[in-house]
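# Remarks on the overall topology
Residues per chain are reported as follows:
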Amino acid sequence: MSLEVKVPAVGESITEVTIAKWLKNDGDRVEMDEVIAELESDKATFELPAEAAGILRIVAQEGDTIEVGGVICNIEQDGAAASAPAPVKEAAAPAQAASPVQQAAPATEVAGQAVEMKVPTVGESITEVTIANWLKKDGDFVQMDEVIAELESDKATFELPAEATGTLQIVAQQGDSVEIGGLLCIITPGATGNVQANAAANAKQEAATQQVAAQAAAAPSGAQTYASGTPSPAAGKILAERGINAADVQGTGRDGRITKEDAMGAQARPAAQPAAPAAKQEAAAPAATGERNSRREKMSNLRKTVARRLVQVKNETAMLTTFNEVDMKPIMDIRAKYKDKFKEKHEVGLGFMSFFTKAVTVALQEWPAVNAQIDGNEIVYNDFCDISIAVSAPKGLVVPVIRNAEQLSLDGIEKEVIRLAKKARENKLSIEEMTGGTFTITNGGVFGSMMSTPIINAPQSAILGMHNIVQRPVAINGQVEIRPMMYLALSYDHRIIDGRESVSFLVRVKELLEDPMRLLLGV
Amino acid sequence: MKYDVTVIGSGPGGYVAAIRCAQLGLKTAIIEKYNVLGGTCLNVGCIPSKALLDSSEHFHNAAHTFKTHGIDLENLQVNMQQMIKRKGEVVKSNNDGIAFLMKKNKIDTYYGLGSFVNKNTIKIAGIDGNEQQIETDKTIIATGSKPVALPFLPLDKKRIITSTEALTLTEVPKHMIVIGGGVIGLELGSVYARLGAKVTVVEYMDAIIPTMDRALGKELQRVLKKTLGFEFFFNHKVTGATNEGEIVKVTAENPKGETVTFEGDYVLVSVGRKPYTEGLGLENAGVQMGERGMITVNDHLETNVPGIYAIGDVVRGAMLAHKAEEEGVLVAEQIVGQKPHINYNLIPGVVYTWPEVAGVGYTEEQLKEQGRAYKAGSFPFKASGRAKASMDTDGFVKVLADENTDEILGVHMIGPRAADMIAEAVVAMEFRASAEDISRMSHAHPTYTEAMKEACLAATENRALHI
């Protein structure tokens, strides 16, 4: 379509302007807001910006005086191909009538550049994603930022927005695994394409809009409402007697209400059938008894990734583990003495995790190699301690990160642990909250582990394993005493951490835990 | 004799429970203390009061509105003996109906005072003087309630009376003083006001029918005053009444603390009812009592003794015949292992004055107290064509709906036939309808029920059609 550009109101008392100068030629392509002319009034000179992107058709000539609101030019908006030259304005002066009519140059179609969409970087250690679901079909028209696919990594599911408006051409198929930076699809922009394609796109858009409207109209009878799933009085009784939860029944009534018929047809969750005892047979040799069933389950992406990465860590690092033991009595005494006051003042419980995290940050700052990482041929030393805490979550093990733990007080650490653990249990941790740690603490003791060799959480270089606390006889100043003892394990990458660093680090942690006053005094 | 179930009490809760037990195949007995079945409701409560309300309403209309309808009557007078006689016939007809149902369902009926010997044995001191014992696996206590008596207000049952005596007066009072502005007092006060009595209501609280939506009490008060000349005294604390032959004097303390006196020829004491469990021998069965004389029950209406249930006015909740009926069915079905439920928020309350009053669900006061966001739509009968035709233009229908979801939360109405119309609201709410759902259904024209539809339109989008 063609847009008429008129003289804007430029001042209270100004009724007309003169075209001082055209800055573009007739037939030029202009962009939205591009300055295309200079206008003069009796008070000032103004710039005239284009009101749309497209092909410029000059109507008023340089030097003409036009009233405010008069037409200066037309802009054939993008998508409208030139089909005929604009009609030449009737010359007012007789002298101009003799001039030969200039044929307008035909507008050249400007095809947009196709956009290749590649897998974006989605997390520090994620190297590939799986296309869980294409939300659009090959050949569909998509809008900029419209979600067109769901991508799955070993840590989370992401939505993929369109990077341009146009026609979608799918390259990677659903279920494919694609590397970061790999090609997913191509979008051929349609906004500046030919009329045919754009008309088709518009028609599709219109149909989609009508479909949405139709769905909206149908919503009152099909939508989920407060009444959905409500059983009728008779249905409620039937469901109660069959031990069926109404939430498990699909209601066919209005707005999803459960009818008597729905209730009568509902099936309880199949209870485990007790296996019928096999009939005993007289046989010369009794056959083996017991079930011999087995089942196959496809590995989830998460599980596959865990399997691959753990093997990779073992293969690519020189992983060693060093051990020590901690007398937990001093910490337990402090907790027993101050935990109520601590709770009262800081509104958070005083657990072991804060002591261990604090001790670890002090030791890491003394032994920076344990806080470092390998990146290619370089060692990255960190001036901060982002401590990853292994948490058992519904979906499996996750490792949220406590940032700048060296700056946090004990109560700050406890609060952060609780916040992150809660999000982990609710499956709400973001990728950012689970990446970028510089050191990991894992606690097998919560499951009763006495001793273990924890696996490094790549790309980190070291991990501390906590274990259960057991009352054990130990020699204290030559006397046998019963003390609450915990074994500590430090697994580390020997490529950058030598025995001197790792053992000294672990001894330091032990010292700090066994004499918490040193945590306070910093010695 | 050995029974699966024995029901003590034959009121609406008891006889319905017995019938349902029998339908479910249980060998059932029912025990009634008096010589007729039906309990309070049928004998001295709901049925006879409705009979008199009907009769007196006819008289009132004949005397006051027939002329406008173009019906001229002369020498109009009340035949009190005949009115009472007809009421008695209505009651007997219903007594006979229940006796028939017991026989039809093969329920053994015992007339006498039933009491527990132990949790499975019940002794019956028969009306005929004989005593016998029956064994029962399960028992349902449905002994109902009786009027509350106030210690400073002794009843002589002649001029200082309860609702029971008010149903058998042989003359129309000149001035009846009603103590208590609840349902019973207003209904029976209406009966006698229509027949020519002056009626004065003395209420301890600040409104009549205070348990219902306040708008209803306000409108009812206005109409009773305008149409029947009722006088109301609120926040008055009655302190005594004395029978002085032809006159009864009632003394009360007004809000200022001053003593005031009311004089009338009859005083109707209607300050509520209390559970009736005397002589039941509950202690012999180990049944626990709760507060205010009620029997404590769990959600299944079972007492602390397994196998002994209680329903109706002897347990928590509204003292309404239809609530007792629902509870009777629930217990019967549970005894055989079924799993029925009762929605206690959807038991409608009704006042059979004219205009009638009815409500179900939450009142506006309750929603405000809960802090729940709601919207209200109201429609007056003044705008109803049918109401105009019948000259019954007092009253309105009010619908309360959730502000966000439009779910109906309560319906409160006062007007012609409200007692019957409220059933639509109960059905709608049981199925969790929205106000718009009701407003999109055809309601016959011209009917009073159109007011329900219009009120829903008002609640949905403030777009009633006929106002």
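In the block above lies the structure referred to throughout.
For the structure given in this document, a descriptive report is provided here. Being a predicted model, the structure only gives us computed values, none of them experimental. (Residues numbered from 1 in each chain as written. Chains lettered and ligands numbered in written order. Predicted model: local features only at pLDDT ≥ 70, side-chain atom pairs only at ≥ 80, totals over all residues. Heavy atoms only, no water.)

## Things to note about the overall build of chain B
- In terms of helices and strands, chain B carries 15 helices and 21 strands.
- Counting all 467 residues of chain B, 53% fall into the buried class.
- Across chain B, contacts joining residues at least 24 apart in sequence account for 63% of those joining residues at least 6 apart.
- As displayed, chain B offers around 20,800 Å² of accessible surface, 51% of which is attributable to carbon and sulfur atoms. (Helix = DSSP H or I, 4+ residues; strand = E, 2+ residues; numbered from the N terminus. Buried < 20%, exposed > 50% of the residue type's maximum accessible area, 1.4 Å probe, protein only. Contact = heavy atoms within 4.5 Å. Areas by Shrake-Rupley, 256 points an atom, 1.4 Å probe, with all protein chains shown as cover.)

## Here we look at the packing of aromatic side chains
Residues and elements named next belong to chain B.
- Enumeration according to the criterion identifies six aromatic pairs over all chains in this entry.
- Between the aromatic rings of F233 and F262, the centroid separation amounts to 4.8 Å while the plane-to-plane angle is 65°, which identifies the pairing as edge-to-face. Of the two residues, F233 is situated in strand β10 (residues 231-233) and F262 in strand β13 (residues 259-264); the sequence distance between them amounts to 29 residues.
- In this structure F233 comes out as partly exposed when scored by relative accessible area, which is 27%.
- With a relative accessible area of 9%, F262 lands in the buried category.
- Taken together, the ring pairs in this structure connect F230, F232 and F234 into an aromatic cluster.
- The cationic tip of R386 hangs over the ring face of Y448; the distance from NZ or CZ to the ring centre is 5.0 Å. (Phe/Tyr/Trp six-rings, centres within 6.5 Å; stacked < 30°, edge-to-face > 60°. Lys NZ or Arg CZ within 6 Å of the ring centre and 35° of its normal.)

## Quick notes on the state of the cysteines
All names here are of chain B.
- In this structure the tally under the stated criterion is one disulfide over all chains.
- One disulfide bridge connects C41 with C46, the sulfur atoms lying 2.3 Å from each other. Across the S-S bond of C41 and C46 the torsion is about -130°, and the bridge reads as left-handed.
- Take C41: its relative accessible area is 14%, and that puts it in the buried class. (Disulfide = S-S within 2.5 Å.)

## Here we look at the side chain of B:E454
Residues and elements named next belong to chain B.
- Looking at the secondary structure, you find E454 in helix α15 (residues 450-461).
- An unpaired buried charge is present at E454: no salt bridge exists, and K453, the closest side chain of opposite charge, is 6.7 Å distant.
- Residues in contact with E454, not counting those within four places in the same chain, are F379, A464, L465 and H466. (Lys, Arg positive; Asp, Glu negative; His and termini not counted. Salt bridge = Lys/Arg side-chain N within 4 Å of Asp/Glu carboxyl O.)

## Observations concerning the packing of helix α1 (residues 12-23) of chain B against helix α10 (residues 321-335) of chain B
Residue and element names in this part refer to chain B.
- Interaxial distance between α1 and α10 falls to 7 Å at its minimum, and their mutual angle equals 30°. Taken together, the axis directions place α1 and α10 in an arrangement best described as roughly parallel. Here the hand of the crossing between α1 and α10 comes out right-handed. For the pair α1 and α10, contact is made by P12, G13, Y15, V16, A17, R20 and C21 and by A321, A324, E325, G328, V329, A332 and E333, respectively. (Axes fitted to C-alpha atoms, helices over the stretch in contact; angles between N-to-C directions. Parallel < 35°, antiparallel > 145°, perpendicular 65-115°, else oblique. Left-handed = near helix turned anticlockwise from the far one by under 90°.)

## Considering the nonpolar core
- One finds B:V7, B:M102, B:F116, B:I134, B:I140, B:I141 and B:V331 to be the most contacted residues of the largest nonpolar core, which totals 49 residues.
- By size, the runner-up hydrophobic cluster in this structure holds 47 residues, among which are A:M353, A:V398, A:L513 and A:L519. (Core = buried A, V, L, I, M, F, W, Y, C linked by side-chain atoms within 4.5 Å.)

## Comments concerning the interface of chain B and chain A
- In this complex, chain B contributes 13 residues to the contact, which on the side of chain A involves ten residues.
- Buried surface at the junction of chain B and chain A, both sides included, amounts to about 1,100 Å², of which 55% is carbon and sulfur.
- If you sort the residues of chain B by the area they bury against chain A, B:K339, B:F431 and B:R432 come out on top, with a joint share of 53%.
- One can count two salt bridges joining chain B with chain A.
- Between A:R254 and B:D437 there is a salt bridge, and its shortest N-O distance comes to 3.0 Å.
- At the surface where chain B touches chain A, the tally comes to ten residue pairs in polar contact (both at pLDDT 80 or more). (Buried area = accessible area lost by both parts, 1.4 Å probe. Polar contact = N/O pair within 3.5 Å; in protein donor to acceptor, adjacent residues only side chain to side chain.)

## Some words on the pairing of strand β25 (residues 462-466) of chain A
Residues and elements named next belong to chain A.
- Where burial is concerned, most of β25 is hidden: five out of the five residues are buried.
- Where strand β24 (residues 439-443) meets β25, four bridges bridge the pair, whose relative direction is parallel. Bridging across to β25, T440 finds its partner in I463. (Pairing = 2+ DSSP bridges.)

## Remarks on helix α7 (residues 352-366) of chain A
- Over its 15 residues, α7(A) extends 22 Å from the first C-alpha to the last, a length consistent with the 21 Å expected when each residue adds 1.5 Å.
- Along α7(A), the residues that are buried comprise A:M353, A:S354, A:F355, A:F356, A:T357, A:K358, A:A359, A:V360, A:T361, A:A363 and A:L364. (Expected span 1.5 Å × (residues − 1).)

## Describing helix α8 (residues 214-228) of chain B
Residue and element names in this part refer to chain B.
- Taking 1.5 Å per residue, 15 residues should reach 21 Å; α8 reaches 21 Å between its end C-alpha atoms and fits that length.
- Among the residues of α8, L216, G217, E219, L220, V223, L224 and L228 are the ones counted as buried. Buried residues of α8, viewed axially, fall in a sector of 165°; they line one side. Along α8, exposed side chains directed more than 90 degrees from the buried face belong to K218, K225 and K226.
- The secondary structure elements touched by the buried residues of α8 are α3 (46-64), α7 (183-194), β10, β18 (356-361), β20 (396-402) and β21 (408-415).
- A positive phi of about 75° marks G229, the residue just after α8. (Arc of directions from axis to C-beta.)

## Points about the sheet that holds β13(B)
Residues and elements named next belong to chain B.
- Read across the sheet, three strands follow the order β11-β12-β13 without closing on themselves; strand pairing throughout is antiparallel. Of all strands in the sheet, those bounded by a partner on one side alone are β11 (237-244) and β13. Recorded for the sheet is a direction-independent mean angle of 20° between the axes of neighbouring strands.
- Relative to β13, strand β12 (residues 247-253) runs antiparallel, the two sharing six bridges. Residue pairing for β13: K249 is matched across the bridge by E263.

## Details of unusual backbone geometry
- A cis geometry characterises the amide bond from B:W354 onward to B:P355, with omega recorded as 0°.
- With respect to the element layout, B:P355 can be found in the loop between β17 (349-351) and β18.
- Cis rather than trans, the peptide bond between B:H445 and B:P446 has omega equal to -5°.
- As for its position among the elements, B:P446 is in the loop between α14 (435-439) and α15.
- One non-glycine residue with positive phi stands out, namely A:N404, at about 45°.
- Its location among the elements puts A:N404 in the loop between β23 (401-402) and α8 (410-425).
- In this structure, B:D406 is a non-glycine residue whose phi angle is positive, near 75°.
- Tracing the backbone through its elements, the reader meets B:D406 in the loop between β20 and β21.

## Structural notes on the pattern of salt bridges
- Applying the stated criterion across every chain, the model contains 50 salt bridges over all chains.
- We note a salt bridge from B:E333 to A:K237, for which the minimum N-O separation is 4.0 Å. Taken together, the residues B:E333 in helix α10 and A:K237 in helix α3 (residues 233-242) connect one chain to another.
- With a relative accessible area of 8%, B:E333 lands in the buried category.
- In this structure, the salt-bridge partner of B:K249 is B:E263, at a minimum N-O distance of 3.8 Å. Of the two residues, B:K249 sits in strand β12 while B:E263 sits in strand β13, which places them 14 residues apart along the sequence.
- Look at B:E263 and you get partly exposed, because its relative accessible area is 42%.
- When salt bridges with common partners are traced through the structure, they connect A:K237, A:E241, B:R20 and B:E333 into a single cluster.

## Focus: the pairing of strand β14 (residues 266-269) of chain B
Residue and element names in this part refer to chain B.
- Of the two faces of β14, both are covered, the one formed by Y266 and L268 as well as the one formed by V267 and V269.
- Sheet analysis places strand β7 (residues 160-161) next to β14, joined by two bridges and oriented parallel. Paired with I161 across the bridge in β14 is L268.

## Remarks on empty space enclosed by the protein
Residue and element names in this part refer to chain B.
- Under the definition given, this model contains one cavity of 30 Å³ or more.
- Volume-wise, the largest cavity comes out at about 60 Å³.
- Taken together, P147, V148, S163, I184, V269, S270, V271, G272 and R273 make up the full set of residues lining the largest cavity.
- For the lining of the largest cavity, the class distribution of residues is five nonpolar, three polar and one charged. (1 Å grid on protein atoms, 1.4 Å probe; cavity = no way out; pocket = protein on both sides within 12 Å on 5 of 7 lines; lining within 4 Å. Points joined across faces, edges and corners; volume = space filled by probe spheres on them. Nonpolar A, V, L, I, M, F, W, Y, C, P; charged D, E, K, R; others polar.)

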